[in-house]
Amino acid sequence: MANWGKRIFSMVLCTMLAVSMLAGCGSDSEGGASDSGGAGDKIKIGVSIWSSTDPLGSQCKKILDQAAAALGDVEIQYVDQGHVSEKVKASVETLVSGGCKGIIICNSADSEMASAINTCDDSEVYLAQFFRVISEENSPDIYDQAKESAYYVGAVHENEPENGEKLGNILIEKGCRKIGMIGWEQGDATWLGRWEGYKKAVDDWNSEHADDQVVLTEPQYAGTTADGGSKATEALMSANPDLDALVVAGGGGEPLEGALESVERAGKAGEIKVVSTDFRDDLEQRLQDGSIAAESGGHYCDPLFALMMVYNSIKGNYKDFGGSIKEILYPYLFVDSPEAYADYDKYFVKSSPYTDDELKEIAELDFDGLKQKASSLSIEDAAARSAR
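Residues numbered from 1 in each chain as written. Predicted model: local features only at pLDDT ≥ 70, side-chain atom pairs only at ≥ 80, totals over all residues. Heavy atoms only, no water.

Student: I keep staring at a negative patch on the surface and nothing clicks. Help me out?
Tutor: Residues Glu136, Glu137, Asp141, Asp144, Glu148 and Glu196 make up a contiguous surface patch of negative charge. The element that contributes the greatest number of residues to the negative patch is helix H5 (residues 140–148), accounting for three residues. (Patch = residues over 30% accessible without salt bridge, like charges linked within 9 Å, V, L, I, M, F, W, Y side chains within 5 Å. Areas by Shrake-Rupley, 256 points an atom, 1.4 Å probe, with all protein chains shown as cover. Salt bridge = Lys/Arg side-chain N within 4 Å of Asp/Glu carboxyl O. Lys, Arg positive; Asp, Glu negative; His and termini not counted. Charge placed at Lys NZ, Arg CZ, Asp CG, Glu CD. Helix = DSSP H or I, 4+ residues; strand = E, 2+ residues; numbered from the N terminus.)

This is the structure in structure tokens:
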């Protein structure tokens with residue numbers, strides 16, 4: 001009985017030791033995940049995007065997936081929200097409940113960011129915008145909320161007024177004098193910036209050419225669908241028989257698709273010069289046949305830099321966000337001929353603008369370095385790096 005008792009005691013002791021070791025391992029794993037992902041753990045980052053499958057959205061997804069694979073410790077969860085306000089807000093809650101430690105978001109209106117920031121603050125989840133920035137002028141309360149948040153990291157976006165102005169000038173230089181305007185959502189900050197730029201191009205021209213005036217119509221709104229783009233285009237052509245140019249300011253690739261179909265049905269392809277923002281998959285052919293006069297785009301790396309901002313925040317490399325809003329301006333590329341498209345296609349479509357090794361290097365940059373890296377990208381820069 002004494003030997004049997006010793007055996008039982010020994011078995012119990014071994015069981016207790018094994019349970020203790022397993023509990024210790026589980027604690028380390030959970031602690032690592034909650035702090036910075038931990039060695040061998042994945043850092044889960046959510047992406048709230050209008051669409052991960054349309055021409056621009058799919059390019060965004062492609063570069064983000066490449067970055068996650070290159071870094072090795074990142075897992076990405078996507079939620080497509082169609083720029084529908086309630087879905088935008090709900091997407092943040094979905095990503096937080098899914099265990100994301102950081103979120104990057106392309107919202108529609110500034111008002112949605114109030115809800116997104118509250119959700120992320122309450123859950124201690126880092127948040128950054130891409131293709132968007134909160135307007136200090138139009139949304140001062142939300143801007144101050146973001147400024148004081150300990151988890152709102154910042155925004156990556158373009159100079160939208162400059163974008164609109166450049167595309168407007170391209171149309172004017174091509175001889176267009178009656179320009180139809182199509183937006184997507186009336187309160188969208190990006191749309192408002194582009195519209196400001198188009199109006200400036202027209203106003204500047206008209207102030208210097210009293211006998212050769214350009215007319216820019218009031219905008220028609222298309223939402224983010226092809227049907228919306230088609231109806232907006234038909235309304236503009238019906239109200240303006242002398243329309244010789246059309247701006248499809250954005251909203252993803254679908255409104256432009258509908259607009260082009262309407263122009264073609266009217267037998268005015270090439271006659272009505274179309275410009276837009278967001279490169280299409282068939283842009284080369286469109287430039288050749290004249291159905292598109294020019295596009296700005298190539299900015300699908302915006303979410304990449306937003307991802308890097310959030311990634312470094314989770315890892316503890318970027319700190320002390322409260323009291324300021326950090327912004328990264330990303331440059332647009334402009335293509336207005338088949339020749340210009342050929343270079344873009346070579347360095348941004350057929351290959352990634354960044355190698356895996358470069359993506360790893362980008363992840364090690366401080367914020368100022370990240371900002372400089374983003375602003376330096378161009379077709380010329382990509383060509384030079386490819387030659388090395």
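Student: When you look at the side chain of Gln81 in this model, what are you seeing that I'm missing?
Tutor: The topology assignment puts Gln81 in the loop between strand E2 (74–80) and helix H3 (85–97). Here the side chain of Gln81 touches Ser48 through a polar contact of 3.1 Å, side chain to side chain. When neighbours within four sequence positions are excluded, Gln81 is seen to be in contact with Ser48, Ile49, Trp50, Lys87, Val88, Ser91 and Cys106. (Polar contact = N/O pair within 3.5 Å; in protein donor to acceptor, adjacent residues only side chain to side chain. Contact = heavy atoms within 4.5 Å.)

Student: Is there a simple way to explain helix H9 (residues 254–265) in this structure?
Tutor: Working note: α-helix, 3.6 residues per turn, so residues spaced by three or four point in the same direction. Relative to the 16 Å expected for twelve residues at 1.5 Å per residue, H9 spans 17 Å between its end C-alpha atoms, a close match to the ideal helical length. For H9, the full list of buried residues reads Pro255, Leu256, Gly258, Ala259, Leu260, Ser262 and Val263. Those residues of H9 hidden inside the fold are in contact with helix H8 (226–239), strand E9 (245–248), strand E10 (273–277), helix H10 (283–289) and strand E11 (294–297). Immediately downstream of H9, the backbone of Gly267 shows phi near 70°, a positive value. (Expected span 1.5 Å × (residues − 1). Buried < 20%, exposed > 50% of the residue type's maximum accessible area, 1.4 Å probe, protein only.)

Student: What is the right way to look at the confidence of the model for the protein in this model?
Tutor: Note: predicted coordinates in regions of low pLDDT should not be interpreted at a detailed level. Chain-level pLDDT for the protein is 87 on average; 89% of the residues reach the 70-or-more range. With pLDDT under 50 throughout, residues 1–39 is counted as low confidence; its partners more than four residues away or in other chains account for 13 contacts. (pLDDT = per-residue confidence, 0-100.)

Student: What's the story with the pairing of strand E5 (residues 152–157) in this structure? I'm lost.
Tutor: Two faces make up the sheet, and in a regular strand the side chains alternate between them. With six of six residues buried, E5 lies mostly within the body of the structure. Pairing geometry for strand E4 (residues 126–130) and E5, over four bridges, is parallel. Following the sheet pairing, Gln129 is matched in E5 by Ala155. For the handedness criterion, the β-α-β arrangement of E4, H5 and E5 is classed as right-handed. In this sheet, strand E12 (residues 326–329) lies alongside E5 in parallel orientation, the contact comprising four bridges. Note that in E12 the partner of Ala155 across the bridge is Glu327. (Pairing = 2+ DSSP bridges. Right-handed = clockwise from strand over helix to strand, strands pointing away.)

Student: Can you help me understand the environment of Ala150 in this one?
Tutor: In this structure, Ala150 sits in the loop between H5 and E5. Through-space distance from the C-alpha of Ala150 to that of Ser324 is 10.0 Å; in sequence the pair is 174 residues apart. Leave out the neighbours within four places in its chain, and Ala150 touches Asp121, Tyr126 and Phe321.

Student: Sorry, what's going on with the sheet that holds strand E3 (residues 102–105) here?
Tutor: Remark on secondary structure: sheet strands pair via backbone hydrogen bonds, oriented parallel or antiparallel. The sheet built from six strands is open, its strands ordered E2-E1-E3-E4-E5-E12 with parallel pairing. Only two strands of the sheet have a single neighbouring strand rather than two, namely E2 and E12. The mean inter-strand angle of the sheet, taken between neighbouring strand axes irrespective of direction, is 20°. The strands that helix H4 (residues 110–123) touches are E3, E4 and E5; relative to E4, the one it contacts most, it runs at about 155°. (Axes fitted to C-alpha atoms, helices over the stretch in contact; angles between N-to-C directions.)

Student: Explain helix H7 (residues 189–208) here, please?
Tutor: Over its 20 residues, H7 extends 29 Å from the first C-alpha to the last, a length consistent with the 28 Å expected when each residue adds 1.5 Å. Here H7 has its buried residues at Thr190, Trp191, Gly193, Arg194, Trp195, Gly197, Tyr198, Ala201, Val202 and Asn206. On its buried face, H7 is in contact with helix H6 (160–173), strand E6 (178–183), strand E7 (215–216), strand E8 (220–221), E9 and E10. You can read the cap of H7 off the contacts: a side-chain oxygen lies 2.8 Å from the backbone nitrogen of Thr190, and it is on Asp188.

Student: Would you mind showing me how to read the packing of H4 against H5 here?
Tutor: A pair of packed helices can be characterised by two numbers: the angle between their axes and the separation between those axes. Orientation of H4 relative to H5, taken along the N-to-C sense of each, is 30°, at an axis distance of 9 Å. Considering their axes alone, H4 and H5 lie roughly parallel with respect to each other. Once H4 is placed against H5, the crossing between them reads as left-handed. Note on element contacts: H5 touches H4 through Ile142, Gln145 and Ala146, opposite Asp110, Ser111, Met113, Ala114, Ile117 and Asn118. Of the residues contributing to the contact of H4 with H5, the split by class is five nonpolar, three polar and one charged. (Parallel < 35°, antiparallel > 145°, perpendicular 65-115°, else oblique. Left-handed = near helix turned anticlockwise from the far one by under 90°. Nonpolar A, V, L, I, M, F, W, Y, C, P; charged D, E, K, R; others polar.)

Student: Would you explain the pairing of E9 in this entry?
Tutor: Burial along E9 is two-sided: Ala245 and Val247 and Leu246 and Val248, pointing in opposite directions, are all buried. Examined bridge by bridge, E9 and E10 share four bridges and lie parallel to one another. Bridge pairing in E10 links Ala245 to Lys273. The parallel pair E9 and E10 is bridged by H9, and the resulting crossover is right-handed.

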